[in-house]
Amino acid sequence: MPIDTKEQIANAVRTLLVEKHVKKLTVKDIVEECSITRQTFYYHFEDIPDLLRWVMERGSEKMMRECIAQGDAESGLRYLFLVAVNLRSVVQQSLRTNYGEELERIMVKQFRACFEQIVDEMGLYRRYSRADLRLIIRYHSAAMMGLLRDWTDADTEDLNHIVHQVYLILTGEVSVLD
């Protein structure tokens, strides 16, 4: 079975970022890695940010299906955290490339889309207006990115507690301790 060319290009980018730790990702590097022409690359993608968006969107779609399949919002959030923590080194390496800022914008946008879908499918925030809900989701998406950017090994050990606290914050059920 032949490999889809878009997937082949995406695999080349993963190899360059993860295995070869490329800091300046170029079309030349990508086409050499997957043995295609520049014309083939540009047939499938407008530019590297377009390729990165495609890769992130495909990954997000799969991740969302799995989040929803967890059955409840907190379990879905735990799954989201586990995926993010497992991909942490890849993400950190990717953010250090010449497309780091673009990748961070894409990631925050993907978190936003994930949170929107989770909120809709799990019926969270029903008492809020759509405008307030957009702000809440925007805030939580940026907060999630901040948490992951500064994630530590100690956080990984405390994952269940962190997930539960974030869940309580997301659902507005966090309580203030005296």
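All of the points below concern the structure found in this document. This is a predicted model, so every value here is computed, not measured.

Definitions and cut-offs
- Residues numbered from 1 in each chain as written.
- Predicted model: local features only at pLDDT ≥ 70, side-chain atom pairs only at ≥ 80, totals over all residues.
- Heavy atoms only, no water.
- Helix = DSSP H or I, 4+ residues; strand = E, 2+ residues; numbered from the N terminus.
- Expected span 1.5 Å × (residues − 1).
- Buried < 20%, exposed > 50% of the residue type's maximum accessible area, 1.4 Å probe, protein only.
- Contact = heavy atoms within 4.5 Å.
- 1 Å grid on protein atoms, 1.4 Å probe; cavity = no way out; pocket = protein on both sides within 12 Å on 5 of 7 lines; lining within 4 Å.
- Points joined across faces, edges and corners; volume = space filled by probe spheres on them.
- Nonpolar A, V, L, I, M, F, W, Y, C, P; charged D, E, K, R; others polar.
- Core = buried A, V, L, I, M, F, W, Y, C linked by side-chain atoms within 4.5 Å.
- Axes fitted to C-alpha atoms, helices over the stretch in contact; angles between N-to-C directions.
- Parallel < 35°, antiparallel > 145°, perpendicular 65-115°, else oblique.
- Polar contact = N/O pair within 3.5 Å; in protein donor to acceptor, adjacent residues only side chain to side chain.
- Salt bridge = Lys/Arg side-chain N within 4 Å of Asp/Glu carboxyl O.
- Phe/Tyr/Trp six-rings, centres within 6.5 Å; stacked < 30°, edge-to-face > 60°.

What to know about helix α7 (residues 100-122)
Residues lying three or four places apart along an α-helix face the same way, a consequence of the helix completing one turn every 3.6 residues.
Alright, step 1. In a regular helix each residue adds 1.5 Å, so 23 residues correspond to 33 Å; α7 covers 32 Å between its end C-alpha atoms and thus fits that length.
Alright, step 2. For α7, the complete set of buried residues consists of Gly100, Glu102, Leu103, Ile106, Met107, Val108, Gln110, Phe111, Cys114, Phe115, Ile118 and Val119.
Alright, step 3. Elements in contact with the buried residues of α7: α4 (48-69), α5 (73-86), α6 (88-95), α8 (130-149) and α10 (159-170).
Alright, step 4. The positive-phi residue at the C-terminal boundary of α7 is glycine 123, with phi of around 65°.

Things to note about the layout of surface pockets
Alright, step 1. As a volume, the largest pocket reaches approximately 1000 Å³.
Alright, step 2. Looking at the largest pocket, it is lined by 37 residues, and the ones nearest its centre are Val55, Met56, Gly59, Leu87 and Val91.
Alright, step 3. Elements with a contribution of two residues or more to the lining of the largest pocket: α1 (5-19), α4, α5, α6, α7 and α8.
Alright, step 4. Class assignment for the residues of the lining of the largest pocket results in 24 nonpolar, five polar and eight charged.

Quick word on the nonpolar core
Alright, step 1. Counting 32 residues, the largest nonpolar core has Leu77, Leu80, Phe81 and Phe115 as the members making the most contacts within it.
Alright, step 2. Of all elements in the fold, only α4, α5, α7, α8 and α10 reach the threshold of two or more residues within this core.

Quick notes on the packing of α1 against helix α2 (residues 27-34)
Alright, step 1. In the contact formed by α1 and α2, the axes pass within 9 Å of each other and the chain directions differ by 110°. As summarised for this structure, α1 and α2 are arranged roughly perpendicular, according to the angle between their axes. When α1 is examined against α2, the residues Gln8, Ile9, Ala12, Val13, Thr15 and Leu16 are found in contact with a partner set consisting of Asp29, Ile30, Glu33 and Cys34.
Alright, step 2. Looking at the contact of α1 with α2 residue by residue, the classes come out as six nonpolar, two polar and two charged.

What to know about the side chain of serine 141
Alright, step 1. Tracing the backbone through its elements, the reader meets serine 141 in helix α8.
Alright, step 2. Separated by 3.2 Å, the side chain of serine 141 and the backbone nitrogen of arginine 112 make a polar contact.
Alright, step 3. Discounting residues that sit within four places of it in the chain, serine 141 has contacts with Val108, Phe111, Arg112 and Phe115.

Here we look at the pattern of salt bridges
Alright, step 1. Tallied over the full model, the rule gives seven salt bridges.
Alright, step 2. Notably, a salt bridge pairs glutamate 7 with arginine 14, separated by 3.5 Å at the nearest N-O pair.
Alright, step 3. On the basis of relative accessibility, which here comes to 37%, the residue arginine 14 falls in the partly exposed class.
Alright, step 4. Its salt-bridge partner being arginine 58, residue glutamate 7 comes within 3.1 Å of it at the nearest N-O pair.

A look at the packing of aromatic side chains
Alright, step 1. Enumeration according to the criterion identifies five aromatic pairs in this entry.
Alright, step 2. For the ring pair phenylalanine 41 and tyrosine 42, a centre distance of 5.1 Å and an interplane angle of 90° mean the geometry is edge-to-face.
Alright, step 3. For tyrosine 42, a relative accessible area of 39% puts it in the partly exposed group.
Alright, step 4. Consider the rings of phenylalanine 45 and tryptophan 54, whose centres lie 5.6 Å apart with planes at 65°: the pair is edge-to-face.
Alright, step 5. Ring pairing ties together the aromatic residues Phe41, Tyr42, Phe45 and Trp54, which thus form one cluster.

Some remarks on unusual backbone geometry
Alright, step 1. Unlike most non-glycine residues, serine 35 shows phi in positive territory, near 55°.
Alright, step 2. The class for serine 35 is exposed, based on a relative accessible area of 65%.

With respect to empty space enclosed by the protein
Alright, step 1. Going through the model one piece at a time under the given rule, you end up with one cavity of 30 Å³ or more.
Alright, step 2. The volume enclosed by the largest cavity comes to roughly 110 Å³.
Alright, step 3. The wall of the largest cavity is formed by 13 residues, among which Phe115, Ile118, Val119, Leu124 and Leu170 lie closest to the centre.
Alright, step 4. Breaking the lining of the largest cavity down by element, the ones donating at least two residues are α5, α7, α8 and α10.

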